[in-house]
Amino acid sequence: MITFAENLTKMTTKNRTLHPLTNETDIIDKLGLVVFDNVRQMPIYGEPFTTPYTVIVLNLQGWLKTECNTRPVVFRKHDIAVLSPHNILCAHESSDDYKTMLIAISPTFQEEVKRRHPAIYRDSYHYYYRQDIPLTDKQFNTVHSIFLLLQSVSRSDSTHRWEMMGNLLEVLSLLLQDYRHENGIADHSPSPREELFINFHQAIVAHFRESREVKFYADMFHLSPRHFATVIKKQTNVNALDWISNYVIIQAKSALARFDVSIQQVAYELGFPDQATFSRYFKHNTGLSPKEFREQKITW
């Protein structure tokens, strides 16, 4: 299970290097899709994070131990993973030779792809529960060639650039469906309880600034708070209130890492009425005040 209040001072020096998912957001948003190569780490280790991008990761070598929405995943050489936006990720450890390529897809481009290529998203539920797909050497070589072609197209000045990238993503998606079946990975059809959690998670992403109460979300699904909390706990082994507060704290830490905004501005961005209320909430969930958290980051 993810530890959401890790002591940040435990992170090692190599893990403080800027990562493209956090350092190249402007170019991802501008281009819609960017392929990064020779990525040798995750954004942070031992601390949960989220990204607004759909991310497809192809492991070139080495291994990574991580979690996605508390599900443990060991990502090995020639594995590929499809990560939906806003999932809670937590990387724990990687080998010294770990190296990947990754595709980052902006929300704007993703909406365009959904409109033009709906087939890509027909089995999207599957990736909430099984993000990683082990590939054979032959399958890896085919996927790797598509990554390289996407990288070339994404960097081009062609007037048909978005259309070509969407077509290539559809090819990649259909190939991964075939490879899952060839490699004995069954398609996942969510149960009603699983579907409730997926919808709950999406509701948190959309509404965490409005409310941090279980009742607010239970009402959205026409369930009593007690029954709703019981279902979420049974499905994920994490309390519904913890899912809400964990997501808020992840966004708070990300915002506090931007030293060009005040703590008061962060409080308002996250929907708190004032800095004092935000500070109490943050300290209750992390053991640190927002100011102490920032001072700790300065020592990195």
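Quick note: structure is the one above.
Residues numbered from 1 in each chain as written. Predicted model: local features only at pLDDT ≥ 70, side-chain atom pairs only at ≥ 80, totals over all residues. Heavy atoms only, no water.

Q: An account of the overall build of the protein is needed here, citing residue identities and associated values.
A: Check the secondary structure of the protein and you find 13 helices and eight strands. In terms of overall dimensions, the protein has a C-alpha envelope of 55 × 45 × 40 Å along the principal axes. Across the 300 residues in the protein, those meeting the buried criterion constitute 52%. In the protein, once contacts between residues fewer than 6 apart in sequence are set aside, the share between residues at least 24 apart is 74%. Of the roughly 14,600 Å² of accessible surface on the protein, a fraction of 52% belongs to carbon and sulfur atoms. Of the side chains in the protein, 33 bear a positive and 33 a negative charge, and the two mean positions are spaced by 4 Å. (Helix = DSSP H or I, 4+ residues; strand = E, 2+ residues; numbered from the N terminus. Buried < 20%, exposed > 50% of the residue type's maximum accessible area, 1.4 Å probe, protein only. Contact = heavy atoms within 4.5 Å. Areas by Shrake-Rupley, 256 points an atom, 1.4 Å probe, with all protein chains shown as cover. Lys, Arg positive; Asp, Glu negative; His and termini not counted. Charge placed at Lys NZ, Arg CZ, Asp CG, Glu CD.)

Q: Go over the packing of helix 7 (residues 192-207) against helix 10 (residues 240-256) with me, naming the residues and quoting the values.
A: It is at 10 Å that the axes of helix 7 and helix 10 come closest, and there the two elements cross at 35°. The chirality of how helix 7 crosses helix 10 is right-handed. Two secondary-structure elements touch here, helix 7 through Phe197, Phe200, Ile204 and Val205 and helix 10 through Ala240, Trp243, Ile244 and Tyr247. A class-by-class count of the residues in the contact of helix 7 with helix 10 yields eight nonpolar, no polar and no charged. (Axes fitted to C-alpha atoms, helices over the stretch in contact; angles between N-to-C directions. Left-handed = near helix turned anticlockwise from the far one by under 90°. Nonpolar A, V, L, I, M, F, W, Y, C, P; charged D, E, K, R; others polar.)

Q: How would you explain the sheet that holds strand 3 (residues 64-68) if you had to name every residue and give the values?
A: Taken in spatial order, the three strands make up an open sheet running 4-3-6, and their pairing is antiparallel. Of all strands in the sheet, those with a lone pairing partner are strand 4 (71-75) and strand 6 (89-94), marking the two edges. In this sheet, adjacent strand axes meet at a mean angle of 20° when their direction is disregarded. The pairing of strand 3 with strand 4 spans five bridges and is classified as antiparallel. Looking at the pairing, Glu67 lines up with Pro72 of strand 4. (Pairing = 2+ DSSP bridges.)

Q: Hey, could you go over helix 6 (residues 161-182) for me, with residue numbers and the actual values?
A: Along its 22 residues, helix 6 runs 31 Å from first to last C-alpha, staying within 8% of the 32 Å computed at 1.5 Å per residue. Among the residues of helix 6, Arg161, Met165, Gly166, Leu168, Leu169, Leu172, Ser173, Leu175, Leu176, Gln177, Tyr179 and Arg180 are the ones counted as buried. The positive-phi residue at the C-terminal boundary of helix 6 is Gly184, with phi of around 80°. (Expected span 1.5 Å × (residues − 1).)

Q: Would you mind going over the packing of aromatic side chains in detail, with residue names and values included?
A: Applying the stated criterion across every chain, the model contains 11 aromatic pairs. Taking 5.0 Å as the distance between ring centres and 90° as the angle between the ring planes, the aromatic pair formed by Phe200 and Phe228 counts as edge-to-face. With Phe200 in helix 7 and Phe228 in helix 9 (residues 225-236), this pair connects stretches of sequence that are 28 residues apart. Take Phe200 and Phe228: they sit in the same class, and that class is buried. (Phe/Tyr/Trp six-rings, centres within 6.5 Å; stacked < 30°, edge-to-face > 60°.)

Q: Help me get a handle on the pattern of salt bridges, residues and values and all.
A: This model, assessed by the stated rule, comprises nine salt bridges. For Arg71, the salt bridge is made with Asp132, and the minimal N-O distance between the two is 3.6 Å. With a gap of 61 residues between them, Arg71 in strand 4 and Asp132 in strand 8 (residues 132-134) connect regions that are remote in the sequence. Between Arg116 and Glu112 there is a salt bridge; the shortest N-O distance is 2.6 Å. You can see Arg116 and its partner Glu112 sitting in helix 3 (residues 107-116), four residues apart, about one turn around the helix. In this structure Arg116 comes out as partly exposed when scored by relative accessible area, which is 44%. Counted as one network, the salt bridges with shared partners bring together Arg71, Arg130 and Asp132. (Salt bridge = Lys/Arg side-chain N within 4 Å of Asp/Glu carboxyl O.)

Q: Quick one: what's the story with the nonpolar core, residue by residue and with numbers?
A: By size, the foremost hydrophobic cluster in this structure holds 38 residues, and its most contacted members are Phe200, Ile204, Tyr217, Phe228, Ile232, Trp243 and Phe278. When residues of this core are traced back to their parent elements, those giving at least two are helix 4 (126-129), helix 7, helix 8 (214-220), helix 9, helix 10, helix 11 (263-269) and helix 12 (275-286). When near neighbours in sequence (up to four residues on either side) are disregarded, Phe200 contacts Tyr217, Phe221, Phe228, Ile232, Ala240, Trp243 and Ile244. Within the second largest apolar cluster, 30 residues are counted, among which are Val35, Tyr127, Leu176 and Ile185. (Core = buried A, V, L, I, M, F, W, Y, C linked by side-chain atoms within 4.5 Å.)

Q: Explain unusual backbone geometry residue by residue, including any values.
A: Phi is positive for Asn38, which is not a glycine, with a value near 55°. Residue position: Asn38 is located in strand 1 (residues 33-39). The class for Asn38 is partly exposed, based on a relative accessible area of 45%. Of note in the backbone geometry, His86 takes a positive phi value of approximately 70° without being a glycine. On the secondary structure map, His86 appears in the loop between strand 5 (79-83) and strand 6. His86 sits in the partly exposed class, given a relative accessible area of 23%.

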